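# Architecture at a glance
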Amino acid sequence: MGSLNEIVKQQQQSLTEPQENVSEEIVQLVGFIVGDEEFAVPILSIQEIIKPIEWTRVPFTPDYVLGVFNLRGNVLPLIDLRVKFGSSANAIDENTRFIVMKIKDEDVAFIIDRLTSALRIKKKNILPPPDTYSNEDDIIEGVGRMEDGRIITILKVDNLIKREEIVPNNEN
């Protein structure tokens, strides 16, 4: 799986298939890998998914803010989710993607290691984050149990980044 078009096509196919129980609420997500973990975000939060392009480093920003890049005349901040989540950065390869999401009226791009697929999870199969999780940034919406046994961490898009984290601080 590599493009948003493929994910949308898969999503449309799943919508036209007969539903066993129409009354069950289904959450539609896009899954992706960062490090050794699979995460997901609501499909409607994604503006687009692109192959990596050249970016410019911005001084006085946190390590996980790699810089900015120009996407059709718009300058977007680029966030490395591996570093944001406390892992080491990874070399960009043919599976790496930039996933562009709208967060509080700002377009922000995140580096993901690879796209997995469009996901449909019954709302009843999404549990709150475990009590042992320190959720100080409140970025985890819940944990989804897939039919195939996989566990996927569902992220709160609006809390992935705060504006003050991506605007350079010149007071340093």
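Structure: see above.
Right, let's walk through the structure included here.

Parameters and conventions
Residues numbered from 1 in each chain as written. Predicted model: local features only at pLDDT ≥ 70, side-chain atom pairs only at ≥ 80, totals over all residues. Heavy atoms only, no water. Helix = DSSP H or I, 4+ residues; strand = E, 2+ residues; numbered from the N terminus. Buried < 20%, exposed > 50% of the residue type's maximum accessible area, 1.4 Å probe, protein only. Pairing = 2+ DSSP bridges.

### Side note on the environment of Leu115
- Secondary-structure assignment places Leu115 in strand E8 (residues 114-122).
- The class of Leu115 is buried, set by a relative accessible area of 4%.
- It is 9.2 Å that separates the C-alpha atoms of Leu115 and Val34, two residues lying 81 residues apart in sequence.

### Some details on the environment of Ile139
- For Ile139, the location among the structural elements is in the loop between strand E9 (126-127) and strand E10 (140-145).
- For the pair Ile139 and Pro129, spaced 10 residues apart in the sequence, the C-alpha separation amounts to 9.9 Å.

### Points about the side chain of Asn125
- With respect to the helices and strands, Asn125 occurs in the loop between E8 and E9.
- Overall, Asn125 belongs to the buried group, its relative accessible area being 13%.

### Some points on the pairing of strand E1 (residues 26-34)
- Taken together, the seven bridges between E1 and E8 define a ladder with antiparallel strand orientation. Looking at E8, one finds that Ile26 is bridged to Lys122.
- Where E1 hands over to strand E2 (residues 37-42), the hairpin turn is made up of two residues, of which Gly35 adopts a positive phi near 65°.

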